[in-house]
Amino acid sequence: YLFSCRSLTGPAWRIGLLSNPWQIVGVGVQAVGQLAITYWPVMNEIFDTAPIPAAAWARILAVGVAAWVVVALDKRWRGLGI
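1. Notes on the overall build of the protein
And step 1. Counting its regular elements, the protein contains four helices and zero strands.
And step 2. When the backbone C-alpha atoms are referred to their principal axes, the protein occupies close to 50 × 25 × 15 Å.
And step 3. Each of the 82 residues in the protein was classed as buried or not, and the buried ones make up 16%.
And step 4. A separation threshold of at least 6 residues defines the contact pool for the protein, and within that pool the share at least 24 residues apart is 33%.

Below, the structure is given as structure tokens:
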């Protein structure tokens, strides 16, 4: 969703994935933190979390892709790009 919202006038793929290096760094740091909280036993104790199975990650990815599609379609219907 974050990558889709970088432009109000065009699709995410036109801007280029690496056009904003700070965004890539931010997403990377967030992903590492999320994985640590989810899978590192010490963090599981601190945050009262537990590892989740691969099937759950597949659902999470599916929701992310669905959000990207909704934003892209909204831009198209409003005549803002694509």
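2. Topic: the side chain of Thr38
And step 1. For Thr38, the location among the structural elements is in helix α2 (residues 21-39).
And step 2. What makes Thr38 buried here is its relative accessible area of 6%.
And step 3. Side-chain polar atoms of Thr38 contact the backbone oxygen of Gln34, separated by 2.8 Å.

3. Thoughts on the environment of Ser7
And step 1. Examined against the element boundaries, Ser7 turns out to sit in the segment before α1 (12-15).
And step 2. Along the sequence, Ser7 and Trp22 sit 15 residues apart, while their C-alpha atoms lie 16 Å from each other.
And step 3. Excluding its chain neighbours within four sequence positions, the residues that come into contact with Ser7 are Ile15 and Lys75.

So, how was this worked out
- Counting of residues starts from 1 at the beginning of each chain's written sequence and follows it residue by residue.
- Per-residue local features are limited, in this predicted model, to residues with pLDDT of at least 70; the limit for side-chain atom pairs, both in listing and counting, is 80 or more; totals at the level of whole chains, interfaces and linings are taken over all residues.
- Where side-chain values are given, they derive from all heavy atoms of the structure, hydrogens and water being excluded.
- Each helix is a run of DSSP H or I of at least 4 residues and each strand a run of E of at least 2, with the numbering of both proceeding from the N terminus.
- Each residue's exposure class comes from its accessible area (1.4 Å probe, protein chains only) as a fraction of the maximum for that residue type: buried when under 20%, exposed when over 50%, partly exposed otherwise.
- Only heavy atoms enter the contact rule, under which two residues are in contact if any of them lie within 4.5 Å.
- Contacts described as polar in this section are N or O atom pairs within 3.5 Å, which, within protein, must combine one atom able to donate a hydrogen with one able to accept it, while residues neighboring in sequence count only if both atoms come from side chains.

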